[in-house]
Amino acid sequence: MPNRPTGIVLVLLSACLLTPTRAGAEPDVPPARAAADAVLAKLPPPSPAVHIDYEGDLVVGGLWAGETRYTARGAKVGRQAVWRVTQDTYIDHAGEETRIRVLVHLKPDLSVLSGTYERKEKSGTLSAAFSRSSKGLLVQRSRAKAKAESKSEVAEVEVAARATTSVGALLLFLRAAAGTKGTRYELPWLSLRSLESDPMKVDDPVLQLVVSGARSWGDGKQRRKAWAVEVAHGAKRHV
């Protein structure tokens, strides 16, 4: 099955076991959430035949500021079919170097099952492993500062049962989405940066997507037709 992400303009520099809602089950669901549920309901099941691979540069103010790679493909955790999503991002900007590595297992409806998150800087490394629990996510986190012993802790973070995360998950969602200019989607969201906070807490649990419409992307002969989406999370907005 051909990949579609090359037709999607999606820039996220900061950065991402319930079935989709059935008609009439939740009459108070906002229209944007219902629209997202409809997309999730028609996602193909996780399969090695459906995959996304993207690799490119990060540019800030017209200058190279790093590189990133995202992958998403079908896999298995035990006997359960899942989407295995990875991210490897290197940022070299404003005198700081940061490496972010993510591996997330998502259920067929893109909700988070388990994963790992690592953010490495000159000052030290933060790493976290997480998995579903009765209240949200059970997180084991460690911090290793330069020339200091690492500190570990375990915490439970309240996260919506259907929350998804990672750019790879968004690409899988947008790959199946449609809609004319102005179509809105709303997804329960887990920002992996929230795993760095003290105490660990998800402050902005909703991601909003608005279809901006058709546009072109690239330069010269590499220019392609694209489908632009505005992404809003808290006070941050991207296209």
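In what follows, the accompanying structure is described.

About the thresholds
Residues numbered from 1 in each chain as written. Predicted model: local features only at pLDDT ≥ 70, side-chain atom pairs only at ≥ 80, totals over all residues. Heavy atoms only, no water. Helix = DSSP H or I, 4+ residues; strand = E, 2+ residues; numbered from the N terminus. Areas by Shrake-Rupley, 256 points an atom, 1.4 Å probe, with all protein chains shown as cover. Core = buried A, V, L, I, M, F, W, Y, C linked by side-chain atoms within 4.5 Å. Buried < 20%, exposed > 50% of the residue type's maximum accessible area, 1.4 Å probe, protein only. Contact = heavy atoms within 4.5 Å. Pairing = 2+ DSSP bridges. Axes fitted to C-alpha atoms, helices over the stretch in contact; angles between N-to-C directions. Phe/Tyr/Trp six-rings, centres within 6.5 Å; stacked < 30°, edge-to-face > 60°. Polar contact = N/O pair within 3.5 Å; in protein donor to acceptor, adjacent residues only side chain to side chain.

So, about the overall build of the protein. Across its full length, the protein holds two helices and 13 strands. Working note: accessible area of the protein is about 13200 Å², and carbon and sulfur atoms make up 53% of it.

Moving on, we get to the nonpolar core. Among the nonpolar cores identified, the biggest contains 48 residues, and Phe-130, Phe-173 and Leu-209 are the most heavily contacted of them. Examining the composition of this core, we find that eight residues originate from one element, helix α2 (residues 167-176), more than from any other. Ignoring sequence-local partners within four residues, the contact set of Phe-173 consists of Ala-36, Val-39, Leu-40, Leu-110, Tyr-185, Leu-187 and Leu-209.

Looking at the element boundaries, Glu-196 is found in the loop between β10 (184-188) and β11 (206-217). In this structure, the C-alpha to C-alpha distance between Glu-196 and Tyr-117, residues 79 residues apart in sequence, is 9.8 Å. Apart from the residues lying within four places of it in its own chain, the contact partners of Glu-196 are Tyr-117, Arg-119, Leu-126, Arg-141 and Arg-143.

Pairing is antiparallel across the open sheet formed by eight strands, whose spatial order is β2-β3-β4-β5-β6-β7-β8-β9. With one partner strand each, in any of the chains shown, β2 (51-60) and β9 (151-158) form the two edges of the open sheet. On average, each strand axis in the sheet is tilted by 15 degrees relative to the strand beside it, whichever way the strands run. Note: strand β4 (residues 80-93) against strand β5 (residues 96-106), eleven bridges, orientation antiparallel. The partner of Asp-92 across the bridge, within β5, is Glu-97.

Turning our attention to the packing of aromatic side chains. A full pass over the atoms with the stated rule returns three aromatic pairs. Pairing Tyr-54 with Tyr-70 gives two aromatic rings, centres 6.4 Å apart and planes at 15 degrees, and the pair type is stacked. One end of the pair, Tyr-54, is in strand β2; the other, Tyr-70, is in strand β3 (residues 63-77), and 16 residues separate them in sequence. On the accessibility criterion, Tyr-70 (7% relative accessible area) is buried. Ring centres of Phe-173 and Tyr-185 lie 5.4 Å apart, and the angle between their planes is 85 degrees; this geometry places the pair in the edge-to-face category. On the criterion of sequence distance, the pair formed by Phe-173 in helix α2 and Tyr-185 in strand β10 is long-range, its members being twelve residues apart. Each of the two residues, Phe-173 as well as Tyr-185, counts as buried.

Let's shift gears to unusual backbone geometry. Between Asp-198 and the following residue, Pro-199, the backbone shows a cis peptide bond with an omega angle of -5 degrees. Locating Pro-199 in the fold gives a position in the loop between β10 and β11. The backbone of Ala-94 shows a phi angle near 55 degrees, a positive value even though the residue is not glycine. Looking at where Ala-94 falls in the secondary structure, it is placed in the loop between β4 and β5. Not every positive phi belongs to a glycine, and Leu-110 is a case in point at roughly 75 degrees. With respect to the helices and strands, the residue Leu-110 is situated in the loop between β5 and β6 (112-121).

In this section: the pairing of β10. Residues in a regular strand point their side chains to alternate faces of the sheet. Burial within β10 is extensive, with four of its five residues counted as buried. Bridge count between β10 and β11: five bridges; the pairing is antiparallel. Counterpart to Pro-188 in the pairing with β11 is Val-206.

This brings us to the side chain of Thr-71. Tracing the chain through its elements places Thr-71 in strand β3. A polar atom in the side chain of Thr-71 sits 2.4 Å from the side chain of Thr-86.

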